[in-house]
Amino acid sequence: MVSEPEAFFSGRCILVNGPVIVGAGPSGLAVAAGLKQQGVPFVILERSNCIASLWQNRTYDRLSLHLPKQFCELPYIPFPENFPEYPSKHQFVDYLESYAKRFEIEPRFDETVKSAKYDESCGLWRVKTVAGDDSATEYICRWLVVASGENAEKVVPEFEGVGNFSGNLMHACDYKSGEEFRGKRVLVVGCGNSGMEVSLDLCHHRAVPLMVVRSSVHVLPREILGKSTFELAVSMMKWMPLWVVDKILLAAARDIKIVPGIKKFLQEGVELINGEILEIDSVILATGYSSNVPSWLKESEFFSRDGIPKSPFPNGWKGKDGLYAVGFTRRGLSGASMDAIKVAQDIGKIWNQETKQKSHSVGVACNRRCKP
């Protein structure tokens with residue numbers, strides 16, 4: 001049954017002869033490169049004005065890769081030989097820019113996906129976007145690749161009394177350098193990679209950082225005896241159980257002083273859960289990021305509310321009805337690259353089988369009479 005005319009989508013409608021990829025970060029670029037290798041056309045959508053916007057716009061100046069470069073390469077093209085073991089963020093962005101140029105990947109920038117829904121009436125995905133000039137577009141495609149990442153939105157916890165704090169409060173995504181904090185007491189909330197790197201940068205700029213860790217945690221340096229801690233762990237685990245490796249690495253690392261969780265904010269500091277009062281000048285929330293996929297993918301059985309793929313992705317990258325996900329398995333760039341290859345090969349296999357049967361490219365009949 002056809003819906004009423006006023007319910008039809010009024011913007012531009014584009015039928016894509018191939019998949020739509022959401023996100024032009026490393027995961028999206030890797031999928032696009034794989035599709036290019038197989039001659040499969042695609043459209044890649046990016047809400048920002050550049051590729052890898054998280055790296056370019058929301059990272060601190062001294063950021064570098066946390067794993068050796070061989071674990072962070074995208075498919076088909078290695079890092080330049082003259083790059084250091086841990087490339088800086090600027091070197092990584094240069095690598096991604098040259099990667100996109102090499103495969104002639106041209107994302108459609110400033111297009112934010114507002115909804116993506118599988119239309120069973122015509123067996124296609126309907127992806128609606130809004131551009132920076134408020135123009136609306138609907139992309140109709142057979143395959144949808146979700147590559148917008150696990151870190152699309154910053155996570156800002158709620159704290160009692162935070163409005164009373166007279167100091168500076170920011171998320172790590174807005175932190176650029178410790179220079180402005182020289183001589184200041186800075187509370188860093190979070191002990192992940194961002195929290196550790198921000199704390200180290202603050203030390204380098206003669207600030208006084210304190211790190212909040214709510215539960216017990218092992219803090220290890222990036223290198224031990226001149227070698228990557230990660231690489232050492234991987235090698236040692238081939239011969240020893242995990243608990244032995246853990247003890248050896250801890251023995252070779254320095255402990256780092258931390259403070260317990262925050263109970264509430266005060267005007268000039270915070271009260272910790274153990275009753276201790278800390279006077280501080282600034283707070284940096286290294287509290288991580290979350291996916292925004294649940295806000296626009298209208299298929300709740302595929303992703304949980306926090307954006308993690310659910311059971312329809314038994315292997316972490318393939319769902320049903322032509323839906324794929326890359327970069328959501330918490331295995332870093334290496335895991336995302338491997339999944340990107342699988343996605344591109346899976347789509348390419350279907351594409352090539354069907355194009356051999358037809359003299360023209362794959363297309364499925366669909367018109368504006370599909371239910372919006």
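Shown above is the structure to which this text applies.
The structure reproduced in this document is the subject of the present report. Everything numeric here is computed off the predicted structure, so don't read it as measured data.

## As for the overall build of the protein chain
Then step 1. On a plain count of helices and strands, the protein chain comes out with eight helices and 19 strands.
Then step 2. Counting the 372 residues in the protein chain, one finds 46% classified as buried.
Then step 3. For the protein chain, restricting intrachain contacts to residue pairs at least 6 apart in sequence, the fraction spanning at least 24 positions comes to 63%.
Then step 4. Working note: accessible area of the protein chain is about 19200 Å², and carbon and sulfur atoms make up 50% of it.

## Remarks on the pattern of salt bridges
Then step 1. Inspection of every chain in the model, using the stated rule, returns 12 salt bridges.
Then step 2. A salt bridge links Arg126 to Glu138, with the nearest nitrogen and oxygen atoms 3.0 Å apart. Separated by 12 residues along the polypeptide, Arg126 in strand 5 (residues 124-131) and Glu138 in strand 6 (residues 136-141) bring together distant segments of the chain. Comparing Arg126 with Glu138 shows no difference in burial state: the two are buried.
Then step 3. As a salt-bridge pair, Lys318 and Asp346 come within 3.0 Å of each other at their nearest N and O atoms. Of this pair, Lys318 sits in the loop between helix 7 (293-296) and strand 19 (323-325) while Asp346 sits in helix 8 (residues 332-357), placing them 28 residues apart in sequence.
Then step 4. Looking at Lys318, the relative accessible area reads 32%, which means it is partly exposed.
Then step 5. Residue classification places Asp346 among the buried residues on the basis of a relative accessible area of 18%.

## Digging into the packing of aromatic side chains
Then step 1. For the coordinates displayed, the defined rule picks out 14 aromatic pairs.
Then step 2. The structure contains a cluster of three or more aromatic residues connected by ring pairs, namely Trp55, Tyr76, Phe79, Phe83, Phe92, Tyr95, Tyr99 and Phe103.
Then step 3. Above the ring of Phe103, the side-chain terminus of Arg102 is found at 5.0 Å from the ring centroid.

## Some words on the sheet that holds strand 5
Then step 1. The four strands lie next to each other as 1-6-5-4, forming an open sheet whose pairing is mixed. Looking along the sheet, the strands with just one partner apiece sit at the ends: strand 1 (12-15) and strand 4 (111-119). Each adjacent strand pair in this sheet contributes to an overall mean axis angle of 20 degrees, direction not counted.

## Remarks on the sheet that holds strand 14 (residues 262-266)
Then step 1. As summarised here, the arrangement of the three strands in space is 14-15-16, forming an open sheet in which the pairing is antiparallel. In this open sheet, the two strands that pair with only one neighbour each are strand 14 and strand 16 (277-279). Sheet twist, expressed as the average angle between the axes of neighbouring strands with direction ignored, equals 25 degrees.
Then step 2. Relative to strand 15 (residues 269-272), strand 14 runs antiparallel, the two sharing four bridges. Across the sheet, the residue bridging to Lys264 is Glu271, located in strand 15.

Cut-offs applied
Residues numbered from 1 in each chain as written. Predicted model: local features only at pLDDT ≥ 70, side-chain atom pairs only at ≥ 80, totals over all residues. Heavy atoms only, no water. Helix = DSSP H or I, 4+ residues; strand = E, 2+ residues; numbered from the N terminus. Buried < 20%, exposed > 50% of the residue type's maximum accessible area, 1.4 Å probe, protein only. Contact = heavy atoms within 4.5 Å. Areas by Shrake-Rupley, 256 points an atom, 1.4 Å probe, with all protein chains shown as cover. Salt bridge = Lys/Arg side-chain N within 4 Å of Asp/Glu carboxyl O. Phe/Tyr/Trp six-rings, centres within 6.5 Å; stacked < 30°, edge-to-face > 60°. Lys NZ or Arg CZ within 6 Å of the ring centre and 35° of its normal. Pairing = 2+ DSSP bridges. Axes fitted to C-alpha atoms, helices over the stretch in contact; angles between N-to-C directions.

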